[in-house]
Amino acid sequence: MKNALHAFLILSLCSAAAAGPLEQLRRGRELPSAPAPGPAAEEAAAYLQDDSRYWITTPAEDKYDRTALLEAGLDIVEIGKKTVSGFISKDEMDRLAGKGFIIRSRQTIKEYAKKHLKDFPASDAAYHNYAETAELLQTLAADNPEETSLFSIGKTVEGRDIWCLRINPSEKGETPSARPSAFFMGNHHAREHLTNEVALGLAVHLLSRKNEPEIRGYLDTLDIFIAPMTNPDGAEYDVRTGKYRWHRKNTRINPDKTVGVDLNRNYDSLWCKAGASHYPNSDTYCGPYAFSEPETQAIKKFVETRPNIKTLMSYHSYSSLLLYPWAGKDTPVENMRDRKVFETMAKGMTAFTGYRPQQSSDLYVATGDTTDWAYANHKIFSFTTELEGTTFYPGAAIISKAVSKNVKAALYLLSVTAEPYKLAE
Ligand SMILES: [Zn+2]
């Protein structure tokens, strides 16, 4: 692609003040308004033949049960009143049963796919794959040279660049800045494609409205970074066959030939102590050691070299939640002033999204995640958003709704980035 298309996108960005960012993205990519029909579910699920995972439901009374299940290798996806459901490998399912856990229902990932695949990648063309993500970021940077710069914060296992768009009219590229900074990230988890769209939508929104007074105010005072796809290998692996694979991790080939380390268990915050798995075939595999993966190393270096970062948002999906530290311990943030700031920011953002604000470990204890590490080591007010939806593949119609709400929440976060401690007064 596609110079004509670029021109079209640029035109849309300049002229479409009334349209939402999503509308601009869709128009820019000249998408059909109705999704194309997908192949039969049976045919679509056939490619999962060699995937040994099961989708199971098992009783879990509270977060302690949920944490124990995570540690036993269950990739918890849905939390019911007294149950949890998620993916688990055949070996770990057998181990789970051996440890006395009751498995209430089980189905192979193939059976699960047959029931749950409604939209297929052909009809999900509104989502940006890696090349399209890079292209959109390049277009935004080229179209807004005064305000932006685009650079790679590092390379992945497979050698892809992790692109980061900087919005700061006074400092470009990797030059340090004294301005307070906000850092937005998407797609740590491969199958959470909606998170990439939300981060891209935020970039489009900020730049297409850069002359509106509120946004101009942020552009003139803050140092804003947006890295929409922090696990591009995984995101590509998930769609490479043209059909979804429910892949969560990166694409590291482990010694036992299984694929992937869970990047959001690979940070050095109580690494692999609770709610993470040492089994390489687990979806919550923490890796051989903290920061073993080039993707998390890149983020580590990026954050460490930018002491001006005050706020951080890592987008995940799905559950309609806004989570703040601690994730790795079930006690609250010890510093009362910081806790007040976290709670106030969380309330401020969820007023726009309607998501539930809570301490991350109220869900389950999970160590080694981005937000705990960023807060514990760098005192950054760090959040995880679990976007809305009831599946990892919710179709294209959800994008504009999710972008619209989360852009408002992000603008709120920008409004409090310069002086977070004002919120504790
Ligand atoms: Zn996630």
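Scroll up for the structure.
Okay, so let's go over this structure. Computed from a predicted model, the values in this text were never measured in an experiment.

Thoughts on the nonpolar core
Stage number 1. By size, the foremost hydrophobic cluster in this structure holds 103 residues, and its most contacted members are F184, L202, A203, I226 and L413.
Stage number 2. Residues from two domains meet in this core; each of domain 1 (3-31 + 122-251 + 260-424) and domain 2 (52-117) gives at least three.
Stage number 3. Not counting chain neighbours up to four residues away, the residues in contact with L202 comprise F184, I226, V407 and A410.

Quick word on the pairing of strand β2 (residues 75-79)
Stage number 1. Direction of pairing for β2 relative to strand β3 (residues 83-88): antiparallel, over a ladder of 4 bridges. Residue pairing for β3: I79 is matched across the bridge by V84.
Stage number 2. Here β2 folds back onto β3 in antiparallel fashion, the turn holding 3 residues.

Describing the pairing of strand β1 (residues 54-59)
Stage number 1. In terms of strand pairing, β1 meets β3 through 6 bridges, oriented antiparallel. Within the sheet, the bridge partner assigned to Y54 lies in β3 and is I88.
Stage number 2. The pairing of β1 with strand β4 (residues 105-108) spans 4 bridges and is antiparallel. For W55, the partnering residue across the bridge sits in β4 and is Q107.

Rules used throughout
- Residues numbered from 1 in each chain as written.
- Predicted model: local features only at pLDDT ≥ 70, side-chain atom pairs only at ≥ 80, totals over all residues.
- Core = buried A, V, L, I, M, F, W, Y, C linked by C-beta atoms within 7 Å.
- Buried ≥ 20, exposed ≤ 12 C-beta atoms within 10 Å, placed from the backbone.
- Domains from an automatic or database assignment.
- Contact = placed C-beta atoms within 7 Å.
- Pairing = 2+ DSSP bridges.
- Helix = DSSP H or I, 4+ residues; strand = E, 2+ residues; numbered from the N terminus.

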